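Residue-level listing of the chains:
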Amino acid sequence: RGKCTPLGNFSCLSSLFVLFVSCFLFASFGFGSFPAEVDIPRGSYHDSMFWGSYRPGIYFGMKTRAETPIMTGLMWSTAYNFKTLRHNCRHEDHLKKYGWVMHNGKDFGRHEMIDPQLNGKITAQFVKESPDHEFKGSWANRIRVQKLEKSAQTESLSLFYYAVFPEACEFQKIATKKKGIESVKITGNCPDVGDFTLWMSQEGEAGLPTSETQKASQLKNYQFLGMNVPDTESWNLQGKIEQTLLLSYQNEVLKHAKRKGEKGSNSHPQTIATLPNTMEKNSNVFVFQKLSNLPMTMDIVFLQHQGAAGAAEIQANHLSVYLNQLSGSSLTERLRERAEDFEIEFDKKFHLKEAQGFDNRVEPMARSALSNMIGGMGYWHGESLIFEGRGKEATVRPAQSLFSCVPSRPFFPRGFLWDEGFHQLLVSEWEPELTMDVLRHWLNLMENTGWLPREQILGEEARSRVPVEFQPQHRDHANPPAFFLTFDKLVRKFEKKILKAERNSLVFSDGDNVHSSEEKRQILIRSDAELNQMFMFFQDIYPRLSHWYAWFLSSQAGIREHTYRWRGRTKDHTLSSGLDDFPRSVNPSLNELHVDLSSWLAFSGSVLGNIAEIIGENPSTFRQYSGKISKALDLFWDDNRGIYSDIVNATATNVLEYSQHVGYVNLFPLMLGLIPNDSPRLLSTFKYIEDPNHLWSRHGIRSLSKSDPFYQQGENYWRGPIWINMNYLLLSSLKRDYFSGPYEKDARRVYDLLRSGLVNNLVDEFQRTGFLWEQYHEETGRGSRSHPFTGWSALVLAIISELC
């Protein structure tokens, strides 16, 4: 586009080279047209995942995986101070601790919140019926609020539970009274669930001391509010409820002042803000408030009628029987059983008791890491914005759907591309089917060029949490293809499982000469449900995954053959790389080359070749590209300093100019297993890692050398602090790729010291604060920035269990 810049004829020629590479690659990979969408599996799995805790941005709630979802949620405050209303996960709420302590990803979870202002602990749980149960599609919540300290002053509780339904739903008339209602039961019909009943029951001491104008007997009831809210605005309830409570409070204060003959009073210590007990016409949003002293318990049941003996209509006497099976003592038993099942499965998958070098202090943190990673999975549907140039309005991209984990519920409650590659390394150890579901959704967000947006801000709710200037995504900006880390793990799981199947197979006799080895392999795959599922997954994702890889090779090509450069770099940031403010060359240039990007693409090509071989496609093209890119990594080796580095100016004819910075960027050839295990470069790289004046700290590997002039300067985001994903990547590579060869002893030494220091520091910080953190201070080990951060920091569980 336009004319060549003053950077010179070399840069003009390089632009033509990139265009040629683009055309050649798409021809080589056989894509004359954009690959079709990846199918999202239907059937029992899809049905079982329709409802879930898919609202990571709030403390607790349920949601359907639908374009226009049904949503429920929990809010609470102290009874006499509605301005402390808790709902969205926020640092400003100053909860001492909150998060999932158990979550199996499918049909059970337990979330705990400790609120010092209330002096209370809130435990919120959910359990779902299985798709083959007579109540399929039904679920129950239990909200339990207890005192923290019996001797301390405990505030009384104002608890809110709401349900948001699409405008297309229809409801039976709800019997209401001005003084509230004694019981909650909503019966209706929605397109995605058919006929249903939502029912609530409460145990505990209701009714509180009030002002003279508020009747204690009235406050024993459920206070309520029904609103007609457009589907596009139904996610934004907290502000509406706070405004309603404010008006209610002001009215009660005025009544009290008038009764006493007082003037000018705008508050009263025993006035409680309550919902107004009004129901708008065609209400589709229902909010219920319960006032209580502690302790108190509330059960909420959503019963899908179609599941009950196949009948859409349930007689009243039968309805209570069905509801009782999902509440009270029956629910207590269900929750106990699911908790036991979770503990058994967790021990089976992660074998913490066998973990070397750690005591039982790691267990609470380890369970929290997994549960919050999985409990933080969300579902979004909505439009997104695409950057079209300075001074131009962003293009609105048609609505799409995404199922994904999130890095941080209070700060980043949405999908991030390279984060998700790390997230699924842990999720796949727990439940590979979840991982395959997530990756299918992500690949369906691809544009026809092969580009995937690095940050998924789908819909108004997601956009409300992102500054306007960061909402539009740039079509030429990449993000590390970290999905290939997960694909590599799935490939290795597949190959390990098929080898085991071949050893244990009774299908073939020892003298079977009828079937070829490939025919035997295919028969084994078809006869094993898990292998067949993974094989079909590889077949489904292969076209789009190849298309994505081709986009990288063409759009991010450098000026030298088989080298690459991140687009979108500025003087202080390379957001595309994921290592935002890690220092590169002082002035961005078309002539620079980036060692981390080249390493990613060498590794990704190798993984794609392995997937191609599994499904019977020709792996040679991808392996050739991987080999050539790996060979071109030699250009990045700085002999003078003895470490891989970015190239500042690749046009130099005699000696290449290298970046003088040392940090995570320089370690990518090692972290992705691209350095041969007999190469002296390995030992030279270890020297930088183990040097406390460069990268080593007793809490983990620093992101930037302590000797660098940019160390701890500016934003200090990737300029010193310890990041768990990079430390995981280093540890997993050491164990997988370098525990053999002439430098095995060195690799094991680095591995043991790093693993021990990293894990022990995270355990100490978890015990001190109750959270995993976004990053850790390189000198003190203290957690910093966003918390809880149970995105890739949750990989500490994989580090403990040595799952690489």
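What you see is a predicted model, and the numbers here were worked out from it, not measured in a lab. (Residues numbered from 1 in each chain as written. Predicted model: local features only at pLDDT ≥ 70, side-chain atom pairs only at ≥ 80, totals over all residues. Heavy atoms only, no water.)

Across its full length, the chain carries 19 helices and 27 strands. When burial is assessed residue by residue, the chain has 59% of its 804 residues classed as buried. In the chain, the proportion of contacts linking residues at least 24 apart, taken out of those at least 6 apart, comes to 70%. (Helix = DSSP H or I, 4+ residues; strand = E, 2+ residues; numbered from the N terminus. Buried < 20%, exposed > 50% of the residue type's maximum accessible area, 1.4 Å probe, protein only. Contact = heavy atoms within 4.5 Å.)

Moving on: the side chain of Gln522. Residue position: Gln522 is located in helix α11 (residues 517-527). Accessibility expressed as a relative area gives 18% for Gln522, which makes it buried. The residues touching Gln522, leaving out its near neighbours within four places in the chain, are Phe535 and Ile614.

In total, this model carries 47 salt bridges according to the counting rule given. Measuring nitrogen to oxygen at the nearest pair gives 3.1 Å for the salt bridge that ties Arg86 to Asp115. In this pair, Arg86 sits in strand β4 (residues 81-86) while Asp115 sits in strand β6 (residues 108-115), placing the two residues 29 residues apart along the sequence. Linking Lys489 and Glu429 is a salt bridge whose minimum nitrogen-to-oxygen distance equals 2.8 Å. Of this pair, Lys489 sits in helix α10 (residues 483-504) while Glu429 sits in helix α7 (residues 417-430), and the two are 60 residues apart along the sequence. (Salt bridge = Lys/Arg side-chain N within 4 Å of Asp/Glu carboxyl O.)

Here we come to empty space enclosed by the protein. Within this structure, the stated rule accounts for 5 cavities of 30 Å³ or more. Computed from the structure, the largest cavity encloses a volume of approximately 110 Å³. Around the largest cavity, the lining is made up of 13 residues, and of these Leu485, Arg492, Leu729, Ser732 and Arg736 lie nearest the centre. Going through the elements one at a time, α10 and α17 (724-737) are the ones with two or more residues in the lining of the largest cavity. Looking at the lining of the largest cavity residue by residue, the class counts come to 8 nonpolar, 1 polar and 4 charged. (1 Å grid on protein atoms, 1.4 Å probe; cavity = no way out; pocket = protein on both sides within 12 Å on 5 of 7 lines; lining within 4 Å. Points joined across faces, edges and corners; volume = space filled by probe spheres on them. Nonpolar A, V, L, I, M, F, W, Y, C, P; charged D, E, K, R; others polar.)

In contact at an axis separation of 11 Å, α10 and helix α12 (residues 529-555) are set at 150° when each is read in the N-to-C sense. As summarised for this structure, α10 and α12 are arranged roughly antiparallel, according to the angle between their axes. The way α10 lies across α12 gives a crossing that is left-handed. Residues Phe483, Phe484, Phe487, Leu490, Val491, Lys493, Phe494, Lys497, Ile498 and Ala501 of α10 touch α12, and the partners they reach there are Glu530, Leu531, Met534, Phe535, Phe537, Phe538, Ile541, Leu545 and Trp548. Considering only residue class, the contact of α10 with α12 consists of 16 nonpolar, no polar and 3 charged. (Axes fitted to C-alpha atoms, helices over the stretch in contact; angles between N-to-C directions. Parallel < 35°, antiparallel > 145°, perpendicular 65-115°, else oblique. Left-handed = near helix turned anticlockwise from the far one by under 90°.)

Every disulfide links exactly two cysteines, by a covalent bond between their sulfur atoms. In this structure the tally under the stated criterion is 1 disulfide. The residue that forms a disulfide with Cys169 is Cys190, at a sulfur-sulfur distance of 2.0 Å. Disulfide Cys169 to Cys190: torsion about the S-S bond roughly 120°, handedness right-handed. A residue pair is termed long-range when its members are at least 10 positions apart, and Cys169 in the loop between β9 (157-164) and β10 (170-171) and Cys190 in strand β11 (residues 184-190) qualify at 21 residues. For Cys169, a relative accessible area of 8% puts it in the buried group. Judged by relative accessible area, which is 2%, Cys190 ranks as buried. (Disulfide = S-S within 2.5 Å.)

This paragraph deals with the confidence of the model for the chain. Here the chain averages 89 in pLDDT, and 89% of its residues register 70 or above. Every residue in residues 1-15 is under pLDDT 50, and counting partners more than four places away or in other chains gives 7 contacts. Of the regions scoring below 50 in pLDDT, residues 307-312 engages in 13 contacts with residues more than four places distant in sequence or in other chains. (pLDDT = per-residue confidence, 0-100.)

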